[in-house]
Amino acid sequence: MENLSEFEANQKDLIHILHKIQAEYGYIPSQALSSISKHLKISESEIFGVLTFYKAFSLKPRGKHLVTICTGTACHVRGAPMILDELKRQLSIEPGETTEDDLFTLETVNCVGACALGPIVISDGDYHGQMNTREVNKLIKKIKKEIKE
Ligand code: FES
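Since we're looking at a predicted model, the values are computed, not measured.

On to the overall build of the protein, then. Helices and strands together make up the secondary structure of the protein, namely six helices and four strands. When its C-alpha atoms are laid out on the principal axes, the protein stretches across 55 × 35 × 25 Å. The 149 residues of the protein split such that 18% are buried. Long-range pairs, those at least 24 residues apart, make up 60% of the contacts in the protein with a sequence separation of at least 6.

Below is the structure:
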């Protein structure tokens, strides 16, 4: 039991540390893994496992604005593929990529637990439900306008 609570404490510390690094740098630099590993006495592969499990963490630098579209089943049947196409067209990138000017990163996610409101697009943490291509177009234009101001 003692080992289990130690493991849980380390996991909590790990997630806390990863959140702090992500907030500061916008991603988790690979150099950080060995420092965390030494500090918490857990292997780099365990840290990597946590990093890949939680979509909130990124190993690659992200753009200033993160746009995520849910491509889970409920959102898919409600039109997510068309919205994703529109996002790709608007931003000229594929999911997982960042625009050359480092302003936008486009990502996909599988279900965010708001299926009844799908299709869902999340921009910088804000959830937008019942999206369609027109609305997503407006959303990107709005963000681009805010960038210019
Ligand atoms: S499938 Fe998109 S929120 Fe559940």
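Looking now at the sheet that holds strand β1 (residues 65-70). Here we have four strands laid out as an open sheet, ordered β2-β1-β3-β4, and mixed in their pairing. A strand with exactly one partner marks an edge of an open sheet, and here the two such strands are β2 (104-109) and β4 (126-128). Taking the axes of each pair of neighbouring strands and ignoring which way they run, one obtains an average angle of 20° across the sheet. Where β1 and strand β3 (residues 121-123) come together, three bridges link them in antiparallel fashion. Bridge pairing links threonine 68 to isoleucine 122 in β3. Sheet strands touched by helix α6 (residues 133-148): β1, β3 and β4. Its angle to β3, the strand with the most contacts, is close to 5°.

Following glycine 118, the chain continues into proline 119 via a peptide bond in cis, with omega recorded as -5°. Mapped onto the elements, proline 119 comes out in the loop between β2 and β3. Here the phi dihedral of aspartate 102 falls at roughly 60°; this positive angle occurs in a residue that is not glycine. Structurally, the position occupied by aspartate 102 is in the loop between α5 (80-91) and β2.

By the assigned domains, the protein splits into domain 1 (2-53) and domain 2 (65-148). One C-alpha centre belongs to domain 1, the other to domain 2, and the line joining them spans 29 Å.

Turning to the nonpolar core, a few remarks are in order. Counting 16 residues, the largest nonpolar core has Ile69, Ala80, Ile83, Leu87, Val121 and Val136 as the members making the most contacts within it. Mapped by element, the contributors of at least two residues to this core are β1, α5, β2 and α6. The element contributing the most residues to this core is α5, with five residues. Setting aside residues no more than four positions away along its own chain, alanine 80 makes contact with Ile69, Cys70, Thr71, Cys75 and Pro119.

So, about the pairing of β1. Where burial is concerned, most of β1 is hidden: five out of the six residues are buried. Judged from the six bridges that link them, β1 and β2 form a sheet pairing that is parallel. Paired with leucine 66 across the strands is threonine 105, a residue of β2.

What counts as what
- Residues numbered from 1 in each chain as written.
- Predicted model: local features only at pLDDT ≥ 70, side-chain atom pairs only at ≥ 80, totals over all residues.
- Helix = DSSP H or I, 4+ residues; strand = E, 2+ residues; numbered from the N terminus.
- Buried ≥ 20, exposed ≤ 12 C-beta atoms within 10 Å, placed from the backbone.
- Contact = placed C-beta atoms within 7 Å.
- Pairing = 2+ DSSP bridges.
- Axes fitted to C-alpha atoms, helices over the stretch in contact; angles between N-to-C directions.
- Domains from an automatic or database assignment.
- Core = buried A, V, L, I, M, F, W, Y, C linked by C-beta atoms within 7 Å.

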